[in-house]
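# Residue-level structural notes
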Amino acid sequence: MELVLKRIAKKKGYTIGKLYVKQPIIDEYLRGEKFIYICDTLEPQWRDYAKGARKIKGKSAIPEGRYPIVITFSPTFKKWLPLLVNVPMFSGIRIHAGNTVKDTQGCILVGENREVGKVLNSRKYVEIIKSKIVEAKDKGEGVWIEIR
């Protein structure tokens, strides 16, 4: 399974994105891919590392790229949560619940972006994403996220 996070608003202090599941389209007439929207995302401020920007712990969005996802137990949140693996310069990057950039701790929050700089109903979307990941893993599929 491939998730795609498309960053759509890189603001001072926070970053808003949209999270999709990418699915291939293969039939006798059409080949390609479609993107199925899941929810919005909130991350810390985006920084242009390619142009020499520096990471600020807990206040910087991760670099664009493609990363494997596993589900592991989070000692911080005391629950099983998705974890992005092999993120350059970062560790412990999770997809978790929260509403404001202060809740991100450098991670990706999921929910509905109905207020400026916030996501709402995030616990619901964490469970939706976890269930999609578990379903893919149960089928023997790898799970990846591409951040654009």
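The structure under discussion appears in the preceding block.
So, here's what we can say about the structure.

Criteria and cut-off values
- Residues numbered from 1 in each chain as written.
- Predicted model: local features only at pLDDT ≥ 70, side-chain atom pairs only at ≥ 80, totals over all residues.
- Heavy atoms only, no water.
- Phe/Tyr/Trp six-rings, centres within 6.5 Å; stacked < 30°, edge-to-face > 60°.
- Helix = DSSP H or I, 4+ residues; strand = E, 2+ residues; numbered from the N terminus.
- Lys NZ or Arg CZ within 6 Å of the ring centre and 35° of its normal.
- Pairing = 2+ DSSP bridges.
- Core = buried A, V, L, I, M, F, W, Y, C linked by side-chain atoms within 4.5 Å.
- Buried < 20%, exposed > 50% of the residue type's maximum accessible area, 1.4 Å probe, protein only.
- Contact = heavy atoms within 4.5 Å.
- Salt bridge = Lys/Arg side-chain N within 4 Å of Asp/Glu carboxyl O.
- Polar contact = N/O pair within 3.5 Å; in protein donor to acceptor, adjacent residues only side chain to side chain.

Evaluated as defined, the whole model comprises 4 aromatic pairs. A centroid spacing of 6.4 Å and a plane angle of 70° characterise the contact between Tyr-49 and Phe-90, whose relative ring orientation is edge-to-face. Of the two residues, Tyr-49 sits in the loop between strand S3 (31-43) and strand S4 (65-74) while Phe-90 sits in the loop between strand S5 (79-84) and strand S6 (95-96), which places them 41 residues apart along the sequence. Relative to Trp-80, the ring of Phe-73 has its centre 5.8 Å away and its plane inclined at 70°; by these criteria the two rings are edge-to-face. Ring pairing ties together the aromatic residues Tyr-20, Phe-35 and Tyr-37, which thus form one cluster. In this structure, Lys-10 is placed above the aromatic ring of Trp-46, and the distance from its NZ or CZ to the ring centre is 3.9 Å. One residue, Arg-66, lies across the ring of Trp-144, its end atom 4.1 Å from the ring centre.

The pairing of strands in a sheet happens through backbone hydrogen bonds and is either parallel or antiparallel. Read from one edge of the open sheet, 8 strands run S5-S4-S8-S1-S2-S3-S7-S6, paired in mixed fashion. The open sheet has two edge strands, S5 and S6, and neither has a second partner.

The next subject is the nonpolar core. Ranked by internal contacts, the top residues of the largest apolar core, which has 26 residues, are Leu-19, Leu-84, Val-110 and Ile-145. Secondary-structure elements contributing two or more residues to this core are strand S1 (2-11), strand S2 (14-26), S3, S4, S5, strand S7 (108-111), helix H1 (122-138) and strand S8 (144-147). If one sorts the elements of this core by residue count, H1 sits on top with 5 residues. Beyond its immediate chain neighbours, meaning those up to four positions away, Leu-84 contacts Ile-62, Tyr-67, Pro-68, Ile-69, Ile-93, Ile-95, Ile-108, Ile-145 and Ile-147. By size, the runner-up hydrophobic cluster in this structure holds 6 residues, among which are Ala-9, Tyr-14, Leu-109 and Val-119.

Pairs can form between side chains of opposite charge once their charged atoms are near each other. The final tally for this structure, using the stated rule, is 12 salt bridges. Of the charged contacts, one joins Lys-22 and Glu-33 as a salt bridge, the two residues approaching to 3.9 Å between their closest N and O atoms. In this pair, Lys-22 sits in strand S2 while Glu-33 sits in strand S3, placing the two residues 11 residues apart along the sequence. Between Lys-118 and Glu-115 there is a salt bridge whose closest N-O contact spans 3.4 Å.

This next bit is on the side chain of His-96. Tracing the sequence through the fold places His-96 in strand S6. Here Thr-104 takes part through its backbone oxygen, which lies 3.3 Å from a polar atom of the side chain of His-96. Ignoring anything within four residues of it in the chain, the contact list for His-96 reads Phe-77, Leu-81, Asp-103, Thr-104, Cys-107, Ile-108, Leu-109, Val-110 and Val-126.

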